[in-house]
Amino acid sequence: SNDYSPTWQDANPVTFVSDRAERPGLYTVNVETGAVTDLGQTSGKDLSPAWSPAGDSLAFVSDRDGPEKLFLWSPVTHQAQKLLANTIPEQRPVWSPDGKSLYFTWNLEGHWQICRVASTGSGLEAVAPSPDDDRLWGVSPDGQELLISSNRGGEDHLYLRPAAGGEPALIAASAGDFHSAAISPALPSAVAKILFNSVPPPRALPGPTP
């Protein structure tokens, strides 16, 4: 099976996505025993798990009710609830460092934009909306910067954007597609390092692959 998208939180086992039941679902693995637990299969796909900083809520994306939407799963009740009732597709939930808010990417009017909402589902707002496709990958340890990729200028690049809005700073240029990116939590109030992977576009001319 394909196992991917692991998320870690000290008070909980590692949670990840697997297609071992023929469709992507959420599982946990005990790192000491290797025991794997199914968090509950549905008729849809469950993707992009993200533990809250306190470990009391697991955010993920699911199309169990139609379009891909954000859900919150409780490790106490083992129940999941949809965060927002609208029908706009959502992707990649990322918690704020204080655990009070969730950032995510949604497809509004044909463009992927970054939004923020309280963990209660209130206070939904766009973060520096633009006519480009912006996708969220991470939040800095102090909550001041968002790690995003954007196709502004016609090519996909990686940026740090102020969470309060404003112009982003270019981090890495790539003419291909970013598959993942993450901010190091090594420093309490700044960005230490950024790790990412991307796939370059197909070569236009024959020749050796660099």
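Refer to the structure above for everything that follows.
Per-chain numbering applies: the sequence of each chain, read as written, is numbered from 1 onward. In keeping with the model being predicted, local features are shown solely for residues with a pLDDT of at least 70 and side-chain atom pairs are shown and tallied solely at 80 or more, while totals for entire chains, interfaces and linings include all residues. Neither water nor hydrogens contribute to the side-chain values; these are computed over all heavy atoms in the structure.

Novice: Sorry if this is basic, but what is going on with the packing of aromatic side chains here?
Specialist: Two aromatic rings are characterised by how far apart their centres lie and by the angle between their planes. Pairing of aromatic rings covers Phe, Tyr and Trp, the last counted by its six-membered ring, and requires centre-to-centre distances within 6.5 Å; plane angles under 30 degrees mean stacked, over 60 mean edge-to-face, and any other angle means tilted. Counted by the stated rule, this structure contains four aromatic pairs. With a centroid separation of 6.3 Å and 70° between ring planes, the pair formed by W51 and W73 is classed as edge-to-face. Here W51, found in strand β5 (residues 46-51), pairs with W73, found in strand β7 (residues 69-73); they are 22 residues apart in sequence, far enough to count as distant. Like W73, W51 is buried. An angle of 85° between the planes, with centres 5.8 Å apart, marks the rings of F104 and W106 as edge-to-face. Take F104 and W106: they sit in the same class, and that class is buried. For the cation-ring pair, R20 lies above Y27, with the distance from its terminal atom to the ring centre recorded as 5.2 Å. Should the NZ of a Lys or the CZ of an Arg lie within 6 Å of a ring centre and within 35 degrees of the ring normal, that charge is described as sitting over the ring. The aromatic ring of W137 is capped on one face by R92, whose charged end is 4.0 Å from the ring centroid. Each helix is a run of DSSP H or I of at least 4 residues and each strand a run of E of at least 2, with the numbering of both proceeding from the N terminus. The buried label applies to any residue whose accessible area, calculated with a 1.4 Å probe on protein chains only, is under 20% of its type's maximum; exposed applies above 50%, and partly exposed to all values in between.

Novice: I'm lost on the pattern of salt bridges in this one. Help?
Specialist: Pairing is possible between side chains of opposite charge, provided their charged atoms come close. A carboxyl oxygen of Asp or Glu within 4 Å of a side-chain nitrogen of Lys or Arg is what we treat as a salt bridge. For the structure shown, the criterion picks out seven salt bridges. R161 is the salt-bridge partner of D134, the closest N and O atoms lying 3.2 Å from each other. Of this pair, D134 sits in strand β13 (residues 134-139) while R161 sits in strand β15 (residues 157-162), and the two are 27 residues apart along the sequence. Exposure class is identical for D134 and R161. Each is buried.

Novice: What should I look at first to understand the sheet that holds strand β6 (residues 58-62) in this one?
Specialist: The pairing of strands in a sheet comes from backbone hydrogen bonds and takes either a parallel or an antiparallel form. By the convention used here, strands pair only if DSSP detects at least 2 bridges between them. Across the sheet, four strands lie side by side as β5-β6-β7-β8; this open sheet has antiparallel pairing. Taken across any chain shown, the strands that pair with only one partner, and hence form the sheet edges, are β5 and β8 (80-82). Here the strands of the sheet are splayed against their neighbours by 30° on average, with no regard to which way each runs. Where β6 meets β7, five bridges bridge the pair, whose relative direction is antiparallel. Paired with F60 across the strands is F71, a residue of β7. Each axis is a line fitted through C-alpha atoms, taken for helices only over the stretch in contact, and angles between the N-to-C directions span 0 to 180 degrees.

Novice: Mind showing me how you'd approach the sheet that holds strand β10 (residues 101-108) here?
Specialist: Here we have four strands laid out as an open sheet, ordered β9-β10-β11-β12, and antiparallel in their pairing. Pairing within the sheet leaves two strands with one partner each, and these edge strands are β9 (90-95) and β12 (125-126). Pairing between strand β11 (residues 111-118) and β12: two bridges, direction antiparallel. Bridge pairing in β12 places R116 opposite E125.

Novice: Help me understand the pairing of strand β14 (residues 145-150) in this model?
Specialist: Walk down a regular strand and you will see the side chains alternate between the two sheet faces. Here β14 lies mainly inside the structure; five of its six residues are buried. By the bridge criterion, five bridges tie β13 to β14 in an arrangement that is antiparallel. Bridge pairing links D134 to S150 in β14. Linking β13 back to β14 in an antiparallel pair, the connection comprises five residues, with G143 at a positive phi of about 75°. Judged from the six bridges that link them, β14 and β15 form a sheet pairing that is antiparallel. Across the sheet, the residue bridging to E145 is P162, located in β15. Hairpin connection between β14 and β15: a loop of six residues separates the two successive antiparallel strands, and G153 in this loop has a positive phi of roughly 85°.

Read these as spatial facts, not as claims about activity.
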